[in-house]
Amino acid sequence: MSTKDFIEKDFYKVLGVPKDATEAEIKKAYRKLAREFHPDANKGNTRAEERFKEVSEANDVLGDPKKRKEYDDARALFGNGGFRPGPGAGGGQFNFDLGDLFGGAGGAGGAQSGSFGGGLGDVFGGLFNRGGAGTTRTQPRRGQDVDTEVTLSFTEAIEGATVPLRMTSQAPCKACSGTGDKNGTPRVCPTCVGTGQVARGSGGGFSLTDPCPDCKGRGLIAEHPCTECSGSGRAKSSRTMQVRIPAGVTDGQRIRLRGKGAPGERGGPAGDLYVTVHVGEHKVFGRKGDNLTVTVPVTFTEAALGGEVRVPTLGGSPVTLKLPPGTPNGRTMRARGKGAARKDGSHGDLLITVEVSVPKDLSGKARDALEAYREATAEEDPRAELFEAAKGE
């Protein structure tokens with residue numbers, strides 16, 4: 001299918017679906033029409049055979065989300081077959097022969113899939129992810145992304161930290177200045193004509209691209225390969241950089257630092273640095289999301305009679321926790337704003353869990369007092385309701 005046909009054909013109309021049809025609606029329409037016009041069910045019917053081909057062709061494009069988007073973009077750009085002038089061009093829509101626009105012989109089929117001529121070839125080179133057929137200049141290449149890891153203490157993860165990271169990545173070879181040729185004079189790859197990519201047919205009216213197998217996507221071939229980088233133009237480079245880890249990161253979190261990865265080639269941008277954070281444990285504090293947790297021992301009398309208990313915070317002044325009389329063991333209370341930092345600048349809370357401390361050794365005076373308390377509460381049975389509930393169904 002020619003590029004001209006690819007743009008001019010209304011595949012939505014072929015399948016009888018609206019332009020905002022869902023994938024399920026497109027699939028349903030295709031199956032219905034395919035059964036209706038299948039050659040096995042219409043032997044000798046040339047028109048049915050042509051309709052079957054049209055339906056299959058439409059489904060091949062609209063049934064693939066990526067191809068469908070490229071098709072929609074192309075038709076939006078060219079006004080469903082008629083070029084749409086910009087403001088100031090007189091308004092309205094006027095038509096051109098797309099065969100002429102593509103440098104073809106005026107409606108004789110236009111440029112074929114996978115090879116656009118001059119004229120608008122470069123426009124579609126960007127639309128379908130390929131360069132113009134006539135270009136010979138090598139393209140800038142983005143540097144590779146780099147993955148690394150860092151281990152922080154619990155406090156560093158909560159408060160944020162600047163840490164040194166030593167990274168090894170691919171960078172332009174110093175011996176050949178990144179050309180890959182020891183004389184510094186590489187030649188343009190004849191296979192991809194310097195683009196670093198070659199087209200392969202997709203069966204959907206246009207081509208997809210792969211890295212050129214001869215130049216490995218560089219667009220250049222070294223006549224005299226550099227002995228340091230074996231002609232690749234890239235060599236391992238180690239560097240140490242100071243990286244700021246934001247406050248509030250969690251264990252296992254992966255942070256993206258734009259432009260901190262491997263350098264690009266021929267003026268291309270640097271890649272990104274991805275840092276996986278490992279966080280150590282704290283002897284006192286734990287973490288639940290943006291909240292910190294701490295378990296605070298209290299005496300029996302503090303829990304029973306109530307009182308004030310000082311509680312430590314991470315990196316700050318202690319807070320005073322007011323226990324109401326009759327506080328049960330395991331109750332969790334909240335100190336607001338004493339937790340981990342959030343992205344919006346606010347903080348989580350400190351969740352304080354009360355743990356009644358039972359003494360292992362008692363003085364004689366303390367034992368006598370507890371014995372007196374036991375006698376005073378002998379008639380109270382804290383398990384009475386438990387047994388009553390156990391009798392039910």
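All of these numbers come straight from a predicted model, not from anything done at the bench.

Asker: Requested: an account of a nonpolar patch on the surface, with residues and values cited.
Answerer: Nonpolar side chains collect at one region of the surface, where F300, L362, L370 and Y373 lie side by side and expose about 360 Å² of accessible area between them. The residue F300 is located in helix α9 (residues 300-305) in this model.

Asker: Which residues make up the layout of surface pockets, and what are the values?
Answerer: When its volume is computed, the largest pocket comes out at roughly 460 Å³. As for the largest pocket, its lining consists of 13 residues, and the residues nearest its centre are F300, V358, P359, L362 and L370. Looking at the lining of the largest pocket residue by residue, the class counts come to seven nonpolar, three polar and three charged.

Asker: Explain the packing of helix α3 (residues 23-37) against helix α4 (residues 46-62) residue by residue, including any values.
Answerer: Two elements in contact, α3 and α4, have axes whose closest approach is 9 Å; the angle formed by their N-to-C orientations is 160°. One finds that α3 runs roughly antiparallel with respect to α4. Crossing of α3 against α4: the hand is left-handed. Across the interface between the two elements, I26, Y30, L33, A34 and F37 from α3 touch A48, R51, F52, V55, S56, N59 and L62 from α4. Here the residues of the contact of α3 with α4 sort into nine nonpolar, two polar and one charged.

Asker: Go over the pattern of salt bridges, please, and point to the residues and values.
Answerer: Here the structure, examined in full by the defined rule, presents 14 salt bridges. With its nearest N and O atoms 2.9 Å apart, the salt bridge here joins D349 to R334. With a gap of 15 residues between them, D349 in the loop between β14 (332-335) and β15 (350-356) and R334 in strand β14 connect regions that are remote in the sequence. For D349, a relative accessible area of 9% corresponds to the buried category. According to the relative accessible area criterion, R334 is partly exposed, its value standing at 45%. As a salt-bridge pair, R374 and E371 come within 2.7 Å of each other at their nearest N and O atoms. In this pair, R374 and E371 both sit in helix α10 (residues 364-376), three residues apart, roughly one turn of the helix. Relative accessible area serves as the criterion here: at 31%, E371 is assigned to the partly exposed category.

Asker: Before we move on, can you summarise the sheet that holds strand β1 (residues 146-152) with the specific residues and values?
Answerer: The three strands are arranged β1-β9-β8 in an open sheet whose pairing can be described as mixed. If you trace the sheet from one side to the other, it starts and ends with β1 and β8 (254-257), each paired once. For this sheet, the mean inter-axis angle between neighbouring strands, taken without regard to orientation, is 30°.

Asker: Explain α4 residue by residue, including any values.
Answerer: Between its terminal C-alpha atoms α4 stretches 24 Å, which fits the 24 Å expected from 17 residues at 1.5 Å a residue. For α4, every residue scored as buried is listed here: A48, R51, F52, V55, A58, N59, V61 and L62. Between a side-chain oxygen at the N-terminus of α4 and the backbone nitrogen of R47 the separation is 3.2 Å; the capping residue is N45.

Asker: Tell me about the packing of aromatic side chains, residues and numbers included.
Answerer: Where two aromatic rings form a pair, the distance of their centres and the angle of their planes describe that pair. The final tally for this structure, using the stated rule, is three aromatic pairs. Judged by centre distance (6.2 Å) and plane angle (40°), the rings of Y12 and Y71 are tilted. In this pair, Y12 is assigned in helix α2 (residues 11-15) and Y71 in helix α5 (residues 65-77), connecting sequence segments 59 residues apart. Take Y12 and Y71: they sit in the same class, and that class is buried. Judged by centre distance (5.8 Å) and plane angle (70°), the rings of F300 and Y373 are edge-to-face. Residue F300 is found in helix α9, and its partner Y373 is found in helix α10; the two are separated by 73 residues along the sequence. Among the aromatic residues, ring-to-ring pairing joins F11, Y12 and Y71 into one connected group.

Asker: Break down the state of the cysteines for me, citing the residues and quoting the values.
Answerer: A covalent bond between the sulfur atoms of two cysteines is what we call a disulfide. Applying the stated criterion across every chain yields a total of zero disulfides. Cysteine C189 is unpaired, with the sulfur of C192 as its nearest cysteine sulfur at 3.8 Å. The structure places no disulfide on C192, whose sulfur is separated from the nearest cysteine sulfur, that of C215, by 3.7 Å. Residue classification places C192 among the buried positions, given a relative accessible area of 4%.

Calculation notes
- Residues numbered from 1 in each chain as written.
- Predicted model: local features only at pLDDT ≥ 70, side-chain atom pairs only at ≥ 80, totals over all residues.
- Heavy atoms only, no water.
- Patch = residues over 30% accessible without salt bridge, like charges linked within 9 Å, V, L, I, M, F, W, Y side chains within 5 Å.
- Areas by Shrake-Rupley, 256 points an atom, 1.4 Å probe, with all protein chains shown as cover.
- Salt bridge = Lys/Arg side-chain N within 4 Å of Asp/Glu carboxyl O.
- Helix = DSSP H or I, 4+ residues; strand = E, 2+ residues; numbered from the N terminus.
- 1 Å grid on protein atoms, 1.4 Å probe; cavity = no way out; pocket = protein on both sides within 12 Å on 5 of 7 lines; lining within 4 Å.
- Points joined across faces, edges and corners; volume = space filled by probe spheres on them.
- Nonpolar A, V, L, I, M, F, W, Y, C, P; charged D, E, K, R; others polar.
- Axes fitted to C-alpha atoms, helices over the stretch in contact; angles between N-to-C directions.
- Parallel < 35°, antiparallel > 145°, perpendicular 65-115°, else oblique.
- Left-handed = near helix turned anticlockwise from the far one by under 90°.
- Contact = heavy atoms within 4.5 Å.
- Buried < 20%, exposed > 50% of the residue type's maximum accessible area, 1.4 Å probe, protein only.
- Pairing = 2+ DSSP bridges.
- Expected span 1.5 Å × (residues − 1).
- Polar contact = N/O pair within 3.5 Å; in protein donor to acceptor, adjacent residues only side chain to side chain.
- Phe/Tyr/Trp six-rings, centres within 6.5 Å; stacked < 30°, edge-to-face > 60°.
- Disulfide = S-S within 2.5 Å.

Everything listed here is a matter of coordinates, which is why it stays silent on function.
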